[in-house]
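# A look at the structure
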Amino acid sequence: MLSLRSLLCCCLLLGSAARVRAQEARYELGRRLHDLEVAWDAADVDDKLRALPALKESVTLFFGLRLKDAAGALDRAHLALVAKSSDGVEAWCRSFVVRPAWRFAATGVEELVVSCERYYDLATAEPQGGSVAVELLDKAGAVIAGPVERSLNSTEGVTFALPLAEVRAGDHQLRARFVVEDRERHVVTLGVSLAEDPAARLEAIEEALDDTPRPYDLERSTAQRLHGMLERLLAGKVLEMDVRAAALLREAEAALAAEAQRYDYRHEGDQWLLVPVEGGRRAVRLYAPPLPDDAANRPCVIALHGAGGSDNLFFEGYGHGAAVRLAKERGWLLVAPQAPLFGGGGDLGPVIVVLDDIGPPQVAEAPTPVLDLIAATGRVYPVAWAAPSCSAARAAITTGRWAFRPENRMGSNVREHGIFELVPSPKFLPARVTAAGQTATHLGKWHMGIGFHLDHPNDCGYSHAAGTEGNLSWSGGWSYFTWVKVIDGAVAPKTGYVTTDTINDAIAEVQAGTDLIVVSLHAPHAPKHCPPLELAPIDQCADIHISMLEAADTEIGRLLGPVLANNYTMFITADNGRSAPVGGKWTVYESGLQVPAYAVGYGVTPGVSSHRLSILDFAPTALDLLQIPYESDYFDGVSLATEIGGATIPPRYLYSEIFPSGTPFALSHRRAIRDDRWKLHTAHGWPPEEFYDLQNDPDETTNLLDGRLTIEQEQALQALRDNLPF
């Protein structure tokens, strides 16, 4: 029956590597799969054969993103293993999900609200007399709160308030027992932790980390990783597994306070480390059993997992934690570092892909299976600002400085034979990379100097550049299929699809190990055209702009494999939004500034980030990933090097602007600044200020300054004014 075990492990691997958008769905699938594996080990051959069809069905449903149905198929496989016949009651009980309002809180909290509701549809009739009881257990299995019992039905579900005022700090188990006709039919257990004043303690850790100069040592790096995990958990977010949050909080504090090396072969237990290595830091989970008195060393088992997977494959998964049990029994270390999906070492260098003229609404409308996969397996930034125009966004990546800065001054687009181009500087991102002895390549649309000199990208620091000077209409014709390509200053007329050509170049640079790669696609910017059918088979030119985006998505899919295989971190974004009913490109309305933004690959912790991303962040991020020092106060963006790994970085205001390039502070200089909720438009002269509540008015249709402001609004407005950079 080895083939069945292999299939079961394959299901777990796929469930981990193809991360779903909803972390709760990932948690529920993992919990059900863990229960299935326990039953699998106790089942005989006939039971396993009976469960196999439902198990195969769960894989198909998972890849169809029918996640709740996949959970139902896992439960059917489980029931097939443990019951030759069933009255349907167990199936009905398993179709519910138990949701505590939080998994980590402060001691003294009065209650834990727990909901129990239907998770997936089921044809089984509802039994009579069903109820569920919830209670809290300590680590010894003793009941310390509850039980509280309620009758249960499929339509309404039920909510509990479990009293906790007397419960002490610690890592506990929430247990829900499903009872039908006075018989216990199903049990669910979930981790719940309480700690003394965790918010203040996490804030103290964050402040101490902020005071720590780069580079971090092992203890401080690990404290940072634990801080990020615990902060997310305290905020009510669901991690993919139960963690001993109270114990990990103590561990983070001890790591940060350590004056000598804390983590070595004698440090016992389950540990989430962030290990400084040459070229960066590596997320590692380690289990160390007690060290025998007569042993100075012990064998070590290395369990690699890819950037799209997680250490859960080997700790909670694969035989419901069989690797950890064996390591404990035999006295071995179990180490699960994050590594490339397809093996091999490699650089930590970033690949930055920039789409052209696309906002989140267009991505939502278009068939973009690759971007959807990246969103599911990587990190998503719901609030991300670029610039109001093409040239300004590209200059922001190159300089890392606001447009009004003297090193930039690219306030809008350059034009063919215009009067302004980006003036080269040794402080530009590519120049710093090449000065450090590393390589930097720019591919695709340049658009920061048109008709001046063809080696402008090289003058700005890129060791290699291949693409067009600007838009295709300014670069030898109006066609995506015939254009003039410039390679390190030499002209090379080209035919073929330009998006494909740029991605071909990008794949070659990835395979060559180039340290910094900026891929600036033309798509889906004009000229409008119908792309090759094989690149846009879903839309098939029903909507030209959508088909162009679909084609770009397909080609990004070709790049994704080599990026993961060669250990790169890839960022995907756009230069500006599109035209919209309110604002759009060339304006500082959200429709002009908001762009899609993702991170995927090496070192990236999947999930939805709360960080407000700016296109200016890519310059310091790239330097940190490449371990190139820089003046901490030079760049106007902030580094995402630790944030992509799940660490929390201090929030900041987003700022952008538009003005004729080369002439900041002109009367037409328009500026915008925002936080999570409030946004201010302002200018030197006309038009007047505009102030918006993005939470209640995301389309910016109602200027609050046209009416009377509340005290809260006045305070928010003043805070925005005070934080304008000039």
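### With respect to the state of the cysteines
A complete count under the given rule lists one disulfide for this structure. Cys530 shares a disulfide with Cys541; S-S distance 1.7 Å. Across the disulfide from Cys530 to Cys541, rotation about the S-S bond amounts to roughly 100°, and the bridge is consequently right-handed. Linking Cys530 in the loop between strand 20 (516-520) and helix 17 (544-565) with Cys541 in the loop between strand 20 and helix 17, this pair joins segments that are 11 residues apart in sequence. Under the relative-accessibility criterion, Cys530 is labelled partly exposed at 43%.

### A short note on the nonpolar core
Residues Val351, Val353, Ile374, Leu516, Val519, Leu559 and Met570 are the most contacted members of the largest nonpolar core, which totals 104 residues. Tallying contributions element by element places helix 17 first for this core, with 10 residues. Leaving out residues up to four positions away in the same chain, Val519 has contacts with Val351, Ile352, Val353, Val354, Leu443, Thr502, Ile503 and Ala506. Core analysis: the next-biggest nonpolar cluster, separate from the first, contains 30 residues, Cys116, Val134, Leu162 and Leu174 among them.

### Digging into the sheet that holds strand 26 (residues 670-674)
With antiparallel pairing, four strands are arranged side by side in an open sheet as 25-26-27-28. Looking at the sheet topology across the chains shown, the edges are occupied by strand 25 (654-658) and strand 28 (690-693). Between one strand axis and the next, the sheet turns through 15° on average, direction left out of account. Inspection of the sheet shows strand 27 (residues 678-683) paired to strand 28 by four bridges, in the antiparallel sense. Within strand 28, the residue paired with Leu680 across the bridge is Phe691. Against the sheet, helix 20 (residues 711-722) contacts strand 26, strand 27 and strand 28, and its axis sits at roughly 55° relative to strand 27.

### Quick notes on the environment of Val284
Within the element layout of this structure, Val284 appears in strand 10 (residues 280-288). Under the relative-accessibility criterion, Val284 is labelled buried at 9%. Through-space distance from the C-alpha of Val284 to that of Ala303 is 10.0 Å; in sequence the pair is 19 residues apart. Beyond its immediate stretch of four places on either side in the chain, Val284 contacts Arg225, Gln271, Trp272, Leu273, Val275, Val335, Ala336 and Pro337.

### A few points about the packing of helix 12 (residues 369-377) against helix 17
Where helix 12 meets helix 17, the axes come as close as 7 Å, and the angle between the chain directions of the two elements is 50°. By the criterion of interaxial angle, the relationship of helix 12 to helix 17 is oblique. Here helix 12 contributes Pro369, Val370, Leu371, Leu373 and Ile374 to the contact with helix 17, which in turn contributes Asp553, Ile556, Gly557 and Leu560. Per-class residue counts for the contact of helix 12 with helix 17 are seven nonpolar, one polar and one charged.

### Section: the environment of Asp676
Within the element layout of this structure, Asp676 appears in the loop between strand 26 and strand 27. In this structure Asp676 comes out as exposed when scored by relative accessible area, which is 51%. The spacing of Asp676 and His611 is 65 residues in sequence and 9.7 Å in space, taken between C-alpha atoms. A distance of 2.8 Å separates the side chain of Asp676 from the side chain of Arg612, its partner in a polar contact.

### Looking at the pattern of salt bridges
Taken as a whole and judged by the stated rule, the model has 37 salt bridges. Note that Glu90 is salt-bridged to Arg185, the shortest N-O span being 3.1 Å. On the criterion of sequence distance, the pair formed by Glu90 in helix 5 (residues 89-94) and Arg185 in strand 8 (residues 183-195) is long-range, its members being 95 residues apart. A residue is classified by how much of its surface remains accessible, and Glu90, at 18% relative accessible area, is buried. According to the relative accessible area criterion, Arg185 is buried, its value standing at 12%. In this structure, Arg285 engages Glu316 in a salt bridge whose closest nitrogen and oxygen atoms are separated by 2.9 Å. Of this pair, Arg285 sits in strand 10 while Glu316 sits in the loop between helix 9 (312-315) and helix 10 (318-330), placing them 31 residues apart in sequence. Because the salt bridges share partners, they merge into one network encompassing Glu28, Arg31, Arg32, Asp35 and Asp75.

Criteria and cut-off values
- Residues numbered from 1 in each chain as written.
- Predicted model: local features only at pLDDT ≥ 70, side-chain atom pairs only at ≥ 80, totals over all residues.
- Heavy atoms only, no water.
- Disulfide = S-S within 2.5 Å.
- Helix = DSSP H or I, 4+ residues; strand = E, 2+ residues; numbered from the N terminus.
- Buried < 20%, exposed > 50% of the residue type's maximum accessible area, 1.4 Å probe, protein only.
- Core = buried A, V, L, I, M, F, W, Y, C linked by side-chain atoms within 4.5 Å.
- Contact = heavy atoms within 4.5 Å.
- Pairing = 2+ DSSP bridges.
- Axes fitted to C-alpha atoms, helices over the stretch in contact; angles between N-to-C directions.
- Parallel < 35°, antiparallel > 145°, perpendicular 65-115°, else oblique.
- Nonpolar A, V, L, I, M, F, W, Y, C, P; charged D, E, K, R; others polar.
- Polar contact = N/O pair within 3.5 Å; in protein donor to acceptor, adjacent residues only side chain to side chain.
- Salt bridge = Lys/Arg side-chain N within 4 Å of Asp/Glu carboxyl O.

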